[in-house]
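Results of the structural survey
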Amino acid sequence: MNDYIKKMTTHVSVRDFKDIPLSPETRKALLTAARSASSSHFVQAFSIIEITDKTLREELADITGSAPYVKNTGTFYVFVADLYRQSRLLIENNKKLDGLTNMESLIVSIVDTSIAAQNMALAAESMDLGICYIGGIRNDVRKVSELLKLPKYTFPLFGLTVGVPASKNKVKPRLLEKNQISENYYPHEQFADLKEYEKVSKEYYSSRESNQKQTSWSESNVAFFEEIRRPEIAAFLKEQGFQLN
Ligand SMILES: Cc1cc2nc3c(=O)[nH]c(=O)nc-3n(C[C@H](O)[C@H](O)[C@H](O)COP(=O)(O)O)c2cc1C
């Protein structure tokens with residue numbers, strides 16, 4: 001394993017930052033890394049909004065449920081899945097928007113945005129900075145869009161808080177290799193047999209230094225998926241012009 005990959009295996013989300021802003025050079029490097037990512041059909045269907053205004057950052061932070069580490073961090077970016085540019089091109093060329101507003105194009109823009117963000121995350125970690133994705137901006141997706149003045153054919157996917165770590169959690173044990181990796185076909189029983197991971201994850205949650213819990217990965221996933229979260233997202237996407245067809 002080379003040093004680059006070793007570093008990836010030490011990834012943890014950081015939720016406790018020193019109050020140190022990132023230098024312009026560091027921020028530039030992060031943005032360049034994000035903008036260098038692969039892109040489906042090279043559509044580059046994302047935008048990145050850096051939140052430099054303190055009041056705006058606080059308003060966004062209060063929506064996220066992750067306020068302390070959105071307010072007190074080096075910098076905070078919002079990643080926007082973005083087909084607005086292409087919508088303008090189509091309109092200027094008197095073309096229909098059906099090929100831009102369907103589910104496939106929405107997936108393309110969400111994938112492009114995620115890949116760019118992960119490039120930034122890896123770049124940050126390569127500089128010993130800490131990151132945490134903030135899906136919590138979707139707690140009030142309409143308010144976030146209003147605050148950021150987002151146009152149609154865009155969707156605020158998540159934030160990324162980046163800064164100098166003050167403390168870090170232990171690395172979370174991932175699903176076992178046999179639960180996720182296969183050759184040539186999908187082994188239904190093997191992938192869904194979580195007994196061994198149940199023990200590993202229980203041990204992790206009960207012994208970690210902060211936020212100890214008597215739970216397992218399976219239990220927390222049942223609790224997570226038995227609830228319908230953010231049911232307004234589909235309606236919001238339609239308001240943004242996506243047909244979801
Ligand atoms: C798209 C996405 C959204 C996330 N949103 C939040 C969030 O709003 N707040 C938070 O504290 N962590 C958030 N996380 C971090 C995950 O909780 C974290 O990655 C996961 O628990 C695994 O832990 P690790 O990153 O430390 O390995 C998010 C992660 C991803 C990929």
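In this report, the structure presented in the accompanying data block is examined. The residue numbering used here restarts from 1 in each chain and proceeds along that chain's sequence as written. Two thresholds apply to this predicted model, a pLDDT of at least 70 for residue-level local features and 80 or more for giving and counting side-chain atom pairs, whereas whole-chain, interface and lining totals are computed over all residues. The side-chain numbers reported here are obtained from all heavy atoms of the structure, hydrogens and water having been left aside.

**Looking at the overall build of the chain**
By definition, any uninterrupted DSSP run of H or I lasting at least four residues is a helix, any uninterrupted run of E lasting at least two residues is a strand, and each is numbered from the N terminus. For the chain, the helix and strand inventory stands at 13 helices and 4 strands. Atoms counted for the radius of gyration: C-alpha only. Globule rule: 2.2 Å times the number of residues to the power 0.38. Its C-alpha atoms give the chain a radius of gyration of 20 Å, near enough to 18 Å, the size a compact globule of 245 residues would have. Based on the C-alpha atoms only, the size of the chain along its principal axes is roughly 60 × 45 × 40 Å. Think of it in three bands: with a 1.4 Å probe and only protein chains considered, a residue is buried below 20% of the maximum accessible area for its type, exposed above 50%, and partly exposed in between. Out of the 245 residues belonging to the chain, those deemed buried represent 40%.

**What about the site of the ligand?**
Residues are classed as near a molecule or strand on a simple rule: at least one heavy atom within 4 Å of it. Residues in contact with the ligand amount to 14 residues; listed here are only the nearest, His11, Ser13, Tyr69, Gly135 and Lys172. Polar contacts, as counted here, are pairs of nitrogen or oxygen atoms within 3.5 Å of one another; within protein the pair requires one atom able to donate a hydrogen and one able to accept it, and residues that are adjacent in sequence qualify only if both atoms are side-chain atoms. One of the side-chain N or O atoms of Ser66 is found 3.0 Å from a nitrogen atom in the ligand. In this structure, Tyr69 approaches the ligand through a side-chain N or O atom, which is 2.6 Å from an oxygen atom. Broken down by element, the shell around the ligand gets its largest block of residues, 3 residues, from strand S3 (residues 130–134).

**Observations concerning a positive patch on the surface**
Nonpolar side chains (Val, Leu, Ile, Met, Phe, Trp, Tyr) within 5 Å and like charges within 9 Å form the patches, drawn only from residues with over 30% relative accessible area and no salt bridge. Method for areas: the Shrake-Rupley scheme with a 1.4 Å probe, in which residue coverage is limited to the protein chains shown. Any carboxyl oxygen of Asp or Glu within 4 Å of a side-chain nitrogen of Lys or Arg constitutes a salt bridge here. By the counting rule applied here, Lys and Arg register as positive and Asp and Glu as negative, while His and the ends of each chain are not counted. Just so you know, the charge point we use is NZ for Lys, CZ for Arg, CG for Asp and CD for Glu. Judged by side-chain charge, Arg15, Lys172, Arg174 and Lys213 come together as a positively charged surface patch. Summarising the element assignment, Arg174 is placed in the loop between strand S4 (154–163) and helix H9 (177–180).

**Observations regarding the sheet that holds S3**
One bridge is not enough; two strands pair if DSSP finds at least two bridges between them. Pairing is antiparallel in the open sheet, where 4 strands are placed in the order S1-S2-S4-S3. Lying at the two open borders of the sheet, with one neighbouring strand each, are strand S1 (46–50) and S3. Each strand axis lies, on average, 25° off the axis of its neighbour in the sheet, ignoring direction. Sheet topology note: the S3/S4 ladder contains 5 bridges and is antiparallel. Bridge pairing in S4 links Gly130 to Gly163. Between N-to-C directions, angles span 0 to 180 degrees; the directions come from axes that are lines fitted to C-alpha atoms, helices contributing only their stretch in contact.

**Quick notes on a nonpolar patch on the surface**
A cluster of nonpolar side chains, Met1, Tyr4, Ile5 and Met8, forms an exposed patch at the surface whose accessible area comes to about 450 Å². Overall, the relative accessible area of 38% leaves Ile5 in the partly exposed class.

**Digging into the nonpolar core**
We call a set of buried residues a nonpolar core when its members are Ala, Val, Leu, Ile, Met, Phe, Trp, Tyr or Cys and they connect through side-chain atoms within 4.5 Å of each other. Counting residues in each nonpolar core, the largest one holds 33 residues, and the members touching the most others are Leu30, Phe79, Met120, Phe155 and Val162. When contributions to this core are tallied by element, the ones reaching two or more residues are helix H2 (24–35), strand S2 (75–82), helix H7 (103–126), S4 and helix H13 (233–239). Take this core: its biggest share by element is 7 residues, from H7. In this view, Val162 contacts Phe17, Leu22, Leu30, Thr73, Gly74, Thr75, Tyr77, Ala124, Leu129, Gly130 and Ile131; residues no more than four positions away in its chain are not counted. Core analysis: the next-biggest nonpolar cluster, separate from the first, contains 20 residues, Phe17, Ile51, Leu56 and Ala61 among them. In this analysis, two residues are considered to be in contact whenever any of their non-hydrogen atoms come within 4.5 Å of each other.

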